[in-house]
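Residues per chain, in single letters:
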Amino acid sequence: MNDHEQQQPAPRRGKVLEALARAERKVFTRPTPKSAKAQVKFLLTRVKGSTQALAERLGVSRRTVERYRAGKLTTPQKRLQAALVEETESEWQPQVRAQAREQAATSSGMMVDVTAYFGFTGKGSSDDGRERQITTAISPTYAKQILELQEAGATEEELHPIVAKAITESYFTEWGTRAAGLRADFTHVQSIEFRF
């Protein structure tokens, strides 16, 4: 088996983290590089030309990176293709992404569309927990907390409580005007999308 075929499995991110990454991609003003060669060349600029550093990021050998840079290899296996796309998009247009994140954290907040199971605790009675489809705004305060946790490398499980709290405030308690003391938790996320 050659070094091109000896690839590590791709890491899986949770639905909330994936949704945040998709929201960032939607603010790009130029398309990302599409071919493996172009992606490798772009990523090499981000690691100051170090094929070894890029190989470690992608989970492949240095020789594999060199072959893609030279155009000797053109069609990566699925795992490497996914890693190239993810790494390229995570480095693409950092200033555009930073501006969108800053605006969400300071003034505009974010929108969230989520389908998940919501369970409740609070004073008095409330609806029983059930699956709900919710579209609501998230305040800049919660957007800032979510984005800071994402940047700090938070796990999916660490993000769920703050996203649930943001949805509770805007959707269930209507910014504190009703259902005082209500707390909603969400699990079994079917789908989630964020918009800056």
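I will try to describe carefully the structure that is included in this document.

Reading the values: rules and limits
- Residues numbered from 1 in each chain as written.
- Predicted model: local features only at pLDDT ≥ 70, side-chain atom pairs only at ≥ 80, totals over all residues.
- Heavy atoms only, no water.
- Phe/Tyr/Trp six-rings, centres within 6.5 Å; stacked < 30°, edge-to-face > 60°.
- Helix = DSSP H or I, 4+ residues; strand = E, 2+ residues; numbered from the N terminus.
- Buried < 20%, exposed > 50% of the residue type's maximum accessible area, 1.4 Å probe, protein only.
- Contact = heavy atoms within 4.5 Å.
- Arc of directions from axis to C-beta.
- Salt bridge = Lys/Arg side-chain N within 4 Å of Asp/Glu carboxyl O.
- Polar contact = N/O pair within 3.5 Å; in protein donor to acceptor, adjacent residues only side chain to side chain.

### What about the packing of aromatic side chains?
- With the rule as written, the count across this model stands at 4 aromatic pairs.
- Each ring, one from Phe118 and one from Phe186, has its centre 5.6 Å from the other, and the planes form 25°; the classification is stacked. Here the residue Phe118 occupies a position in strand 1 (residues 110–121), and Phe186 occupies one in strand 3 (residues 183–195), the gap between them amounting to 68 residues. Phe186 matches Phe118 in its accessibility class, with the two residues each being buried.
- Between Tyr171 and Phe172 the ring centres are 4.9 Å apart and the planes differ by 90°, which places this aromatic pair in the edge-to-face class.
- Since its relative accessible area comes to 33%, Tyr171 is described here as partly exposed.
- Under the relative-accessibility criterion, Phe172 is labelled buried at 6%.
- One aromatic cluster in this structure is built from Phe118, Tyr171, Phe172 and Phe186.

### With respect to the side chain of His160
- Take His160: it is sitting in helix 8 (residues 156–172).
- Residues contacting His160, with those up to four places away along its chain left out, are Val16, Phe186 and Val189.

### Description of helix 3 (residues 51–58)
- Looking only at helix 3, the buried set comprises Thr51, Leu54, Ala55 and Leu58. Within helix 3, the buried residues cover an arc of 105° as seen down the axis, which keeps them to one side.
- Packed against the buried residues of helix 3 are helix 2 (36–46), helix 4 (62–70) and helix 5 (78–91).

### Some remarks on the pattern of salt bridges
- All told, the structure shown has 12 salt bridges when counted by the stated rule.
- Each of Glu24, Arg97, Arg101 and Glu151 takes part in one network of salt bridges that share partners.

### Observations regarding the environment of Thr45
- The residue Thr45 is located in helix 2 in this model.
- At a separation of 2.4 Å, a polar atom in the side chain of Thr45 contacts the main-chain carbonyl oxygen of Phe42.

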